[in-house]
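Structure at a glance
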Amino acid sequence: MKNQKEQNPFPSPSSSSQALTKLLNAQYHHFINLLSCSLIFCCGVIVGILLHSSLQHLSLSPPLSGLQRISQHHMMTSPPPPPPPPSSRGGGGLEHFFRPPEDLMHEMEDEELLWRASMMDPKIKTYPFHRTPKLAFMFLTKGPLPLAPLWEKFFEGHNGLFTVYVHSDPSYNWSMPRGSVFHGRRIPSKKVEWGNVNMVEAERRLLANALLDIYNERFILLSESCVPLFNFSTVYSYLTSSSLSHVESYDLPGSVGRGRYNRRMGPTLPLHCHGSCYSDEHYLPTLVNVGKGLGRRNSNRTLTWVDWSKGGPHPNRFVRPEVTEEFLAKLRTSEKGCVHNGGRTRVCYLFARKFLPTALDRLIRFAPKVMHFG
């Protein structure tokens, strides 16, 4: 039999000590690795925080002197940027709040319109913003404006000093080209009949719409047969410097004047009259005459020349052959004269009527020489 050594199932003390030493060495190296990684991670976090703080401080701090010099040099050598284009609907502040509606075709009924217009207080003389007074030209027409080309020349070059309002029959297909002073200036209108009280309603409708614009300070009622006798600058200066209104109001004996009235009308004036009654000829003059304080501020004369010499319900109408330089010059100067701002003057009429469409070409031809516009 072979001599074999009997194997011992339990390790010797020396071998156990070596195994324990190896295990401790392995755990130690693992701990060192873990600690190193932790330190590296913590250092990275700290560096990131410091870097973020530095960049944030840099963005809030003034730029470096070199960049400042470059920026200043660019600002001195480059032209300033152009201002933004004006916006008709932009802006803010009190001036924007009082800006009139751009679209005259509103949906207000007459009662609402008159109520809103009544809020415009004419006693206000000063405003907390720049305000240039404007003239409101209110055209009461049956339909088209055949003398519009003459008025275009009259208004040319004076934007911002006037506004235009047109009341025409609602059945008329209103169309004016873009760029015209009459484009988009038609107000919500109702049917009007000559000699009827609805003509007064149309006048009130025109005036109420014009009152919505606080820049309007003088109000001129015109028809499609009216023409200007002077250029815009003269008309503007004459009206804005005037201390009185100009509504022809006087006591006229006879059937044409007193004969149309009934004493029982007063004081509320419900527009009752007998015989030939043309309310548009009487309403405003009577209102100005009986209104509290209105009579003292009225000149009791009109600024529109008209020829009633032929009699009848309509004034004389002028056609092409009757329109001459001499005729127009005569209308511009009154022989009798009148009172304006307390002094005598021969410039008493700024407008005239009735001119038919056939007179347009002569009016335009003579306007530069006689009326000094166009």
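Each remark here, short or long, concerns the structure printed above.
Anyway, here's the lowdown on the structure attached to this text. Remember, predicted model here, so these are calculated numbers, not experimental data.

Comments concerning the overall build of the chain
Each helix and strand counted, the chain has 10 helices and eight strands in total. Buried positions account for 32% of the 374 residues belonging to the chain. Accessible surface, the chain: about 25200 Å² in total, of which carbon and sulfur atoms supply 59%.

Describing the state of the cysteines
Disulfides are covalent bonds that connect the sulfur atoms of two cysteines. The full count for this structure, using the stated rule, is one disulfide. In this model Cys338 forms its disulfide with Cys348; the gap between the sulfur atoms is 2.2 Å. Residues Cys338 and Cys348 are joined by a disulfide whose S-S torsion is about -110°; by sign, that bridge is left-handed. Of the two residues, Cys338 is situated in strand β6 (residues 338-340) and Cys348 in the loop between β7 (343-345) and β8 (351-352); the sequence distance between them amounts to 10 residues. Assigned by exposure class, Cys338 and Cys348 land together as buried.

Side note on the packing of helix α4 (residues 110-118) against helix α6 (residues 198-211)
At a closest axis distance of 8 Å, the pairing of α4 and α6 adopts a crossing angle of 45°. The pairing of α4 with α6 is recorded here as oblique in orientation. Where α4 crosses over α6, the two elements pack in a sense that is left-handed. Of the residues in α6, those touching α4 at Asp110, Leu113, Leu114 and Ala117 are Arg204, Arg205, Ala208, Asn209 and Leu211. Taken together, the residues of the contact of α4 with α6 sort by class into five nonpolar, one polar and three charged.

Points about the nonpolar core
Counting residues in each nonpolar core, the largest one holds 47 residues, and the members touching the most others are Phe137, Trp151, Phe182 and Phe355. Taken together, the elements giving at least two residues each to this core come down to β1 (134-140), α5 (148-155), β2 (162-167), β3 (216-223), α7 (232-240), α9 (325-332), β8 and α10 (360-371). Ranked by the residues each element gives to this core, the list is headed by α10, at six residues. Filtering out sequence-adjacent residues up to four positions away, Phe137 remains in contact with Trp151, Phe154, Phe155, Phe162, Thr163, Val164, Tyr165, Ile220, Leu222, Phe232 and Phe351. Of all hydrophobic cores here, the second largest spans 10 residues; its members include Leu104, Tyr165, Met199 and Ala202.

Describing the packing of aromatic side chains
Using the criterion set out here, one finds 22 aromatic pairs in the structure. Geometrically, the ring pair formed by Phe318 and Phe355 is tilted, given 5.5 Å between the ring centres and 35° between the ring planes. Taken together, the positions of Phe318 in the loop between β5 (304-305) and α9 and Phe355 in the loop between β8 and α10 put the pair 37 residues apart, joining distant regions of the chain. The residues Phe318 and Phe355 share a single accessibility class, namely buried. Taking the ring centre of Tyr165 as reference, the NZ or CZ of Arg185 above it sits at 5.3 Å.

Definitions and cut-offs
Residues numbered from 1 in each chain as written. Predicted model: local features only at pLDDT ≥ 70, side-chain atom pairs only at ≥ 80, totals over all residues. Heavy atoms only, no water. Helix = DSSP H or I, 4+ residues; strand = E, 2+ residues; numbered from the N terminus. Buried < 20%, exposed > 50% of the residue type's maximum accessible area, 1.4 Å probe, protein only. Areas by Shrake-Rupley, 256 points an atom, 1.4 Å probe, with all protein chains shown as cover. Disulfide = S-S within 2.5 Å. Axes fitted to C-alpha atoms, helices over the stretch in contact; angles between N-to-C directions. Parallel < 35°, antiparallel > 145°, perpendicular 65-115°, else oblique. Left-handed = near helix turned anticlockwise from the far one by under 90°. Contact = heavy atoms within 4.5 Å. Nonpolar A, V, L, I, M, F, W, Y, C, P; charged D, E, K, R; others polar. Core = buried A, V, L, I, M, F, W, Y, C linked by side-chain atoms within 4.5 Å. Phe/Tyr/Trp six-rings, centres within 6.5 Å; stacked < 30°, edge-to-face > 60°. Lys NZ or Arg CZ within 6 Å of the ring centre and 35° of its normal.

Shape descriptors only; they carry no functional weight alone.
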